[in-house]
Amino acid sequence: MKIQRVNDFVVRFANVNGSGSASANDLFARVLYRLGVPISPKNIFPSNIQGLPTWFEVRVSEDNYLGRRGGVDFMVAVNGQTMKQDYAMVLPGGYFLYDSTRPLSEEYQRSDITLIAIPLTELCNHEFSSPNLRRLLKNIIYIGALTALLDIDLKAVTDSIIRQFRKKPKLAKPNIRALEIGYTYAVKHHSDSCALVVRPSAAVGDRILLDGNTAAGLGALFAGATVVGWYPITPSTSVIETFERFAERYRVDRKSGRKKYAVIQAEDEQAAIGIAIGAGWNGARAFTATSGPGISLMTEFLGLAYFAEIPIVLINVQRCGPSTGMPTRTQQADLLASAYASHGDTRNVLLFPSDPHECFSMTADAFDLADRLQTPVIVMSDLDLGMNSHLCDPLNWDDDRQYDRGKVMSAEDLDDIKKPWGRYLDIDGDGICYRTLPGTHPQKGAYVTRGTSHNEYAAYTEESQAYERGMNRILAKWETARSCVPCPEITLRDKNSKLGALYYGSTSRAALEAFDQLADKDILVNDIRILAYPFQKEVFDFIQQHDLVFVIEQNRDAQMKILLSGECQVAPGKLESVTNFNGLPITATMITNRIHTTLLNRSRELVPTTRAGGGTK
């Protein structure tokens, strides 16, 4: 029985990295988006330049379930290296499109899927003589075939090609020709092969398709950032590239041509964050972006910024570790490393965006938080969120918004105070001291910035009591931070339910779909999405009010569970981990299966079993 659905399926393209397939696959996704159909594309690529397998997966969902689903309904298999595993991945009733220039071997014998044979190489070679065009346009031919098989309006795809090559219109013609070749062949030979259909929809609404790294770079620009110290590392590089691209457009004086920003590529990650910290100390809004290995290298400087109380924003686009790990796969495995970065007693403010809109808004808010709290603030993105496109609400900015620069003293302020000013004096009782910027006053407000122990007047000391006073004051500032960071979002499906679930960041869409699936089976789970660390009272109360709370995250060691257990003093057994660490985004199916299994096992533990002698145990 063929899978028959309208605007509800998963298409996966199996290609070779460096073959030019990415732009063709992205074309397919954007056509569906322009038809108003909700989509979620995922690019799964290797860390080398070319030659290894790559996949591009598009989930199509009229119901707006846009987490990764798992399983494939329609496979476009044009990579001989992975043909067997691609074939096995197709769900019963699904479809397998392959290049039939060479016939399939006899081992491909499944009777529960539909084979769609299209001689892609033969068709391409017959029409185009250029080797480079043949390599690229073979991909467009299968897009043309898909257009026919899924009943997509050919004009919609043609218009998208014209739009894609609007700056190089001559390139549009051969691409359109390749599209028509694939379309015509599929109509002629496979008119009744596929029962999956795409229909124009209004389900997208006004949402935009955007990747999180672009959004974060824009967030930094709108927040007033002017200095970037950075060192390239996958998958964070495009954050800085986006910032620089837009800064070149909007941060250059039109009359003089003078740049009003500085992007400095350093020799390593330590130097990169050192540049940003120096700029932050000097009064600029400064940031850097990195991933796990960079976090490891930056920890000493993060400790300096924490102890010397210098505002700095760091955007961490997480990937698989340890060490080099899998540089082009996604994870949430830097949580503990970021929360407690540096030796000694340190706690860093973390923000957890779940979509590109929040990458934009949280990055912008991070600069206000860093200035207000005078401390590092780390935006915890990841590869899936950062490098893949996601549907999200349009970005917005209030032109009347004022930057929160925190407690920065002016020359007039320094002249007005009667008592001696001290850089690390807590006047207001919130743990946050008043700071000055270099050059503020010709005589007053100067101090030595130290990474060593210091007293309230920034003087070096190893006096135990002075050190303790300083560390306790910074801890008081941490309590102030609880009231500054965004509060969690709580959904109560059943006020009487004692089952809860906690999630954060890019796991959000899969988690919400899983809760709906569980509700369909009369398992009502209340949930809380954590947006920031430090945790607020709402998080403590939610855990306290439920007998069992599932913690959904993407790392092996259940790092959020560890963080919650330590910070919230949770009783053993109250938190149950739902983890995924295979480098691919977690799916709703993974979550529901784990919750089902846990509940089944716990119910069995509560049922007494009969002993051989008639008693129970």
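Numbering of residues starts from 1 in every chain and runs along the sequence as written. Residue-level local features of this predicted model are given only where pLDDT is at least 70; pairs of side-chain atoms are given and counted only at 80 or more, and the full residue set underlies all totals for whole chains, interfaces and linings. Side-chain measures here rest on the full set of heavy atoms in the structure, leaving out hydrogens and waters.

**What about the side chain of Lys574?**
- A run of H or I in DSSP counts as a helix once it spans at least four residues, and a run of E counts as a strand once it spans at least two, with each numbered from the N terminus. Mapping Lys574 onto the fold places it in the loop between helix 18 (559-568) and strand 22 (575-579).
- Within the structure, Lys574 has its side chain in polar contact with the backbone oxygen of Ile543 (distance 3.1 Å).
- Leave out the neighbours within four places in its chain, and Lys574 touches Ile543, Gln544, His546, Asp547, Leu548 and Val549. Two N or O atoms count as a polar contact when they lie within 3.5 Å, although within protein this holds only if one can serve as hydrogen donor and the other as acceptor, and sequence-adjacent residues are included solely when both atoms are side-chain atoms. We call two residues contacting when some pair of their heavy atoms lies within 4.5 Å.

**Focus: the sheet that holds strand 21 (residues 548-553)**
- Paired strands are those between which DSSP finds at least two bridges. Taken in spatial order, the 5 strands make up an open sheet running 17-19-18-21-22, and their pairing is mixed. Where the open sheet ends on each side, the last strands, each with one partner, are strand 17 (489-491) and strand 22. Each neighbouring strand pair of the sheet contributes to a mean axis angle of 20°, computed without reference to strand direction.
- Taken together, the 4 bridges between strand 18 (residues 499-504) and strand 21 define a ladder with parallel strand orientation. Directly across from Leu499, in strand 21, lies its bridge partner Leu548.
- Axes, fitted as lines to C-alpha atoms, cover a helix only where it is in contact. Angles between the N-to-C directions of the axes lie from 0 to 180 degrees. Most of the contacts of helix 16 (residues 508-520) go to strand 18, to which it runs at about 160°, and overall it touches strand 18, strand 19 (526-530) and strand 21.
- Its contacts with the sheet put helix 18 on strand 18, strand 19, strand 21 and strand 22, and the angle it makes with strand 21 is roughly 135°.

**Here we look at the nonpolar core**
- Residue types Ala, Val, Leu, Ile, Met, Phe, Trp, Tyr and Cys, when buried and joined through side-chain atoms within 4.5 Å, form a set referred to as a nonpolar core. Buried residues are those whose accessible area, probed at 1.4 Å on protein chains only, stays under 20% of the maximum for their type, while exposed residues exceed 50% and partly exposed ones sit between those limits. Ranked by size, the top nonpolar core spans 84 residues in total, and within it Phe287, Phe352, Leu502, Ile530, Phe535, Met560 and Leu564 carry the most contacts.
- Among the elements that line this core, the one with the most residues is helix 12 (residues 356-373), at 9 residues.
- Each residue touching Phe535, except ones within four places of it in the same chain, is listed here: Arg482, Ile530, Phe540, Met560, Leu563, Leu564, Glu567 and Cys568.
- Counting residues in hydrophobic clusters, the runner-up holds 55 residues, among them Val60, Phe128, Ala156 and Val204.

**Quick look at the sheet that holds strand 4 (residues 53-61)**
- Read from one edge to the other, the open sheet built from 6 strands follows the order 3-4-2-5-6-7, with strand pairing classed as mixed. Each end of this open sheet is capped by a strand with a single partner; those strands are strand 3 (39-44) and strand 7 (114-118). Going from strand to strand, the sheet's axes swing by 15° on average, the running direction of each strand aside.
- Where strand 2 (residues 8-16) lies against strand 4, 9 bridges are found, and the strand directions are antiparallel. Within the sheet, the bridge partner assigned to Val10 lies in strand 4 and is Arg59.

**Regarding the domain arrangement of the protein chain**
- Start and end points for every domain follow an automatic or database-based domain assignment. Entries for the protein chain in the domain assignment read domain 1 (5-197), domain 2 (210-392), domain 3 (411-484) and domain 4 (489-606).
- Placing the centre of domain 1 and that of domain 2 at their C-alpha centroids yields a distance of 36 Å.
- Contact residues are listed per partner, giving 12 residues for domain 1 and 9 residues for domain 2.
- Defined in terms of a 1.4 Å probe, buried area is the accessible area two parts forfeit on being brought together, summed over both. When the area that domain 1 buries against domain 2 is broken down by residue, the three leading residues are Pro41, Lys42 and Phe45, summing to 47%.

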